[in-house]
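Spelled out, the chains give:
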Amino acid sequence: MLSVLVGRTGPFAGQSVVLGDAPLTFGRKSDNDIVIVSVSASRLHAEIVVEDGRYVLHDRDSRNGTYVHDRRVTRHELTPGDTIRIGDETFLFETQEAVETVMDLSQLALPRADATNDPGVLRVTVTGGGPVGLAFALLLEDALPGRVSVTVHDGRWIRSGTSVVWKDESHGNVRRQQVVTVQSRQYLALTEEMRTTVFEEGHFSEMWPLGPDSVSGRPPRNIRIAHIEDRLLELANTKPAIRLVPKRFDPAESEHLVARDHVLVVCEGGRSRTREHFADRFGAADASIYSLDGEHLQDVVLGLRVKSRLPDPMSVLLTVAQNRFLLNSLRGEGFLNMRLTREEARSIVGIDPVRQVFEECIAARPCVMSRQEDNEFVCPTHGTLFLPALLRGSPLWKRILEGLRLFGVAEDDLSAVTSFRLDMVQRPRFTAQLTRPVGDRPGTYGFLLGDAANAIHFWPGRGLNSGLASAVSLARSLSRVWQGRPLRDADFIRHEAAMSMLQYRHKSRAWNAMVSTDERGVTRAIKDIIDRSMEGAPAAGSPAPAGTTGGDLEVLLDRMRSIRDRLAARLPGLPDDEELRTHLSALAPATLRTLRESGAWDTLIVGGEEADIDIFYQQDAPVFVPAAPRATDPAPDPRTPA
């Protein structure tokens, strides 16, 4: 009776190989019979050989060991039912008859089993399984039913039974609880199944008013990004054409796999290792366009997880009236983002309580420090404490408390802190041919989507919108051109044009969230304007010099009246003058001065219509790629939204 080895988890899942007389090798090198895509695997890790008519598994001096039923072995005579584990990948040793009659056949029906040999199936690998990567996979699966095989990699996942789920804090993964604002132009472009799955009743709010961004009278929707991730992953688990690999994609070790596919889609985020691995194909990014006086501008933002007690209309008005604090929430719960000055950014450090040394934990890594019972903020990954919270008399901590007061947040309702470093570059292209078609290789095209393509300052709230639009565009392009033949540059001229438009529109919008130009035509970084506003200003808790507080307060009130007049028709329930005066009068004079000097959102530039990729996918639509904008160019938009 024939013996069979079947992949249970990992890239080989669902595939099987009948064992013969020749040895079967496992390892990272591409010349192995089964290539293990894992950093914990050795080049030649293990092999199965025939000894006296029996199949015997040998570990070949691997670094991290070979396991059978989770017991490390150096030599093991295989019997039916044995489970072999190498790195994170597992294999079942069975007889062919047992495989056919006992095993869960759903494990054998995964797309990779036949897709490699079917010329009509478009083979796609996606690196990064966040909202953009998963949305793209689901859109393409819907657009090419039965004609596509998609594999999605993400190291933040773990296998649970027959499904793949997100890791939690017990696995060292802190989920993203930030609230994002999804414009109706983007969520209406998703499939009906995706919209129904993601936008469940009670899991989103519509706190921002209708405006020129809105399509078909649908307002933007605020939703927690972790909820989007959860629901899209659950949906992807149900699609036979989508294979989910709970492992980070390693471009150096997987080039032979990339060469087998038609498409590699990079969705790993702004620090993508895969994009940098293929940097020579996509070209060098230009940082100068988002520079001021020769300095590439970068904002550092402190993210405060809070629960606000203010109604949404008041929160919206307070947010758009200044540029120091931004509240993005779902029914009051979300993140209060505080734009930091250069000096404040240097204060965002953690301290190791054991070694008594400073660590750039929260400053250099996307760590989230949660509040403990003793009111200390602790990083679960590195064990560091948030230093400004320990020094409660420090200027930064007092300013943090003022931000809480502005949005009606009790100090006890501040539950976690994190930080974001935000900058932008201009990318020359988003599509590249990675390998050419030769012999049995189809030729591979690579694409940058999401933050890997366009990392955008989130202050105007367009990062996820740009990512979803890029996913929609590529799915449409691929579904239109796929005919089973090698792909060509000409197939993606519409997508490349759409990506260039997205970059121009959203980054020009974001640039105006980083700088401000005064009436004399002088452009300065908003963080420096905030810093200057605090020079000579009384510290929080100190009395203001006579006559100063009233002036700052009146300017803010006038500004808010003007904004309220524009919003009133689209956002009912806005506060009146008395409510605003009472609320703002509770703030420290230094805070009022900073709010005034930071300026209101430039809604003429920050708002306005979304980039509409539909124009490139209409019948006989003209295609053009706009020239790269200069940093000081405003985005052309004659409308004045909220």
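Owing to the predicted nature of the structure, the values given are computational and were not obtained by experimental measurement.

**Description of unusual backbone geometry**
Okay, step 1: Even without glycine at this site, His69 takes up a positive phi of about 50°.
Okay, step 2: With respect to the helices and strands, the residue His69 is situated in the loop between strand E7 (66-68) and strand E8 (71-73).
Okay, step 3: A residue is classified by how much of its surface remains accessible, and His69, at 48% relative accessible area, is partly exposed.
Okay, step 4: The residue Asp293 is not glycine, and still its phi comes out positive at about 55°.
Okay, step 5: Turning to its location among the elements, Asp293 is positioned in the loop between strand E21 (291-292) and strand E22 (295-296).

**A look at the environment of Asp552**
Okay, step 1: Relative to the elements of secondary structure, Asp552 occurs in helix H19 (residues 548-567).
Okay, step 2: Residues Asp552 and Leu595 lie 43 residues apart in sequence; the distance between their C-alpha atoms is 8.5 Å.
Okay, step 3: Setting aside residues no more than four positions away along its own chain, Asp552 makes contact with Pro589, Leu592, Arg593 and Arg596.

**Here's the deal with the sheet that holds strand E3 (residues 24-27)**
Okay, step 1: Spatially, E4-E3-E5-E6-E9 is the arrangement adopted by the 5 strands of the open sheet, whose pairing is mixed. The open sheet terminates on both sides in strands that have one partner only, identified here as strand E4 (34-35) and strand E9 (75-77).
Okay, step 2: Pairing analysis gives 6 bridges linking strand E5 (residues 46-51) to strand E6 (residues 54-59), with the strands arranged antiparallel. Opposite Glu47, over in E6, you have His58 as the bridge partner.

**Overview of the packing of aromatic side chains**
Two numbers describe a pair of aromatic rings. These are the distance of the centres and the angle of the planes.
Okay, step 1: Enumeration according to the criterion identifies 10 aromatic pairs in this entry.
Okay, step 2: Linked through ring pairs, Tyr187, Phe199 and Phe204 together constitute an aromatic cluster.
Okay, step 3: It is Arg85 that lies over the ring of Tyr67; its NZ or CZ is 4.3 Å from the centre.
Okay, step 4: The residue whose ring lies beneath Arg221 is Tyr187, and the NZ or CZ to ring-centre distance is 4.4 Å.

**Some words on the packing of helix H18 (residues 526-533) against helix H21 (residues 589-598)**
Okay, step 1: Here H18 crosses H21 at 145°, and the two axes come no closer than 9 Å. Where H18 crosses over H21, the two elements pack in a sense that is right-handed. Every residue of H21 that contacts H18 at Ile526, Ile529, Ile530, Arg532 and Ser533 is listed here: Arg593, Thr594, Glu597 and Ser598.
Okay, step 2: Tallied by class, residues from the contact of H18 with H21 come to 3 nonpolar, 3 polar and 3 charged.

**Quick look at the sheet that holds strand E10 (residues 82-86)**
Okay, step 1: Taking strand neighbours across the sheet as the criterion, the 6 strands line up as E2-E1-E11-E10-E7-E8 in an open arrangement whose pairing is antiparallel. Looking at strand neighbours, the two that pair on one side only are strand E2 (16-18) and E8, the edges of this open sheet. Taking the axes of each pair of neighbouring strands and ignoring which way they run, one obtains an average angle of 30° across the sheet.
Okay, step 2: Pairing of strand E1 (residues 3-9) with strand E11 (residues 89-95), which is carried by 6 bridges, proceeds in the antiparallel orientation. Bridged to Leu5 within E11 is Phe93.

**Digging into the confidence of the model for the protein chain**
Low pLDDT marks stretches whose predicted atomic positions should not be read closely.
Okay, step 1: Looking at the protein chain as a whole, the pLDDT averages 85, with 88% of positions reaching at least 70.
Okay, step 2: Throughout residues 99-115 the model reports pLDDT below 50, and contacts reaching past four residues in sequence, or to other chains, amount to 37 contacts.
Okay, step 3: Across residues 540-548, where pLDDT falls below 50, the model places 11 contacts with residues more than four positions away in sequence or in other chains.

**Points about the side chain of Asp299**
Okay, step 1: Checked against the element boundaries, Asp299 lands in strand E23 (residues 299-307).
Okay, step 2: Residue class for Asp299 comes out buried when judged on its relative accessible area of 2%.
Okay, step 3: In terms of polar contacts, Asp299 uses its side chain to reach the side chain of Arg339, at 2.9 Å.
Okay, step 4: The contacts of Asp299, once residues within four sequence positions are left out, are Arg339, Phe420, Arg421, Leu422, His457, Ala513, Met514 and Lys527.

**Thoughts on the packing of helix H3 (residues 131-143) against helix H6 (residues 225-237)**
Okay, step 1: The interhelical angle for the contact between H3 and H6, taken along N-to-C directions, is 30°, at an axis separation of 9 Å. Crossing hand, H3 versus H6: left-handed. Every residue of H6 that contacts H3 at Pro131, Leu134, Ala135 and Leu138 is listed here: Ile225, Ile228, Glu229, Leu232, Leu233, Leu235 and Ala236.
Okay, step 2: Here the residues of the contact of H3 with H6 are counted per class, giving 10 nonpolar, no polar and 1 charged.

**As for the pattern of salt bridges**
Okay, step 1: Taken as a whole and assessed by the stated rule, the structure comprises 34 salt bridges.
Okay, step 2: Close ionic contact of Asp491 with Arg488 constitutes a salt bridge, the shortest N to O distance being 3.0 Å.
Okay, step 3: Of the charged contacts in the structure, one is a salt bridge between Arg593 and Asp552, with a shortest N-O distance of 3.0 Å. Of the two residues, Arg593 sits in helix H21 while Asp552 sits in helix H19, which places them 41 residues apart along the sequence.
Okay, step 4: Residue class for Asp552 comes out buried when judged on its relative accessible area of 2%.
Okay, step 5: The structure contains a network of salt bridges with shared partners spanning Asp558, Arg561, Arg564 and Asp577.

Criteria and cut-off values
Residues numbered from 1 in each chain as written. Predicted model: local features only at pLDDT ≥ 70, side-chain atom pairs only at ≥ 80, totals over all residues. Heavy atoms only, no water. Helix = DSSP H or I, 4+ residues; strand = E, 2+ residues; numbered from the N terminus. Buried < 20%, exposed > 50% of the residue type's maximum accessible area, 1.4 Å probe, protein only. Contact = heavy atoms within 4.5 Å. Pairing = 2+ DSSP bridges. Phe/Tyr/Trp six-rings, centres within 6.5 Å; stacked < 30°, edge-to-face > 60°. Lys NZ or Arg CZ within 6 Å of the ring centre and 35° of its normal. Axes fitted to C-alpha atoms, helices over the stretch in contact; angles between N-to-C directions. Left-handed = near helix turned anticlockwise from the far one by under 90°. Nonpolar A, V, L, I, M, F, W, Y, C, P; charged D, E, K, R; others polar. pLDDT = per-residue confidence, 0-100. Polar contact = N/O pair within 3.5 Å; in protein donor to acceptor, adjacent residues only side chain to side chain. Salt bridge = Lys/Arg side-chain N within 4 Å of Asp/Glu carboxyl O.

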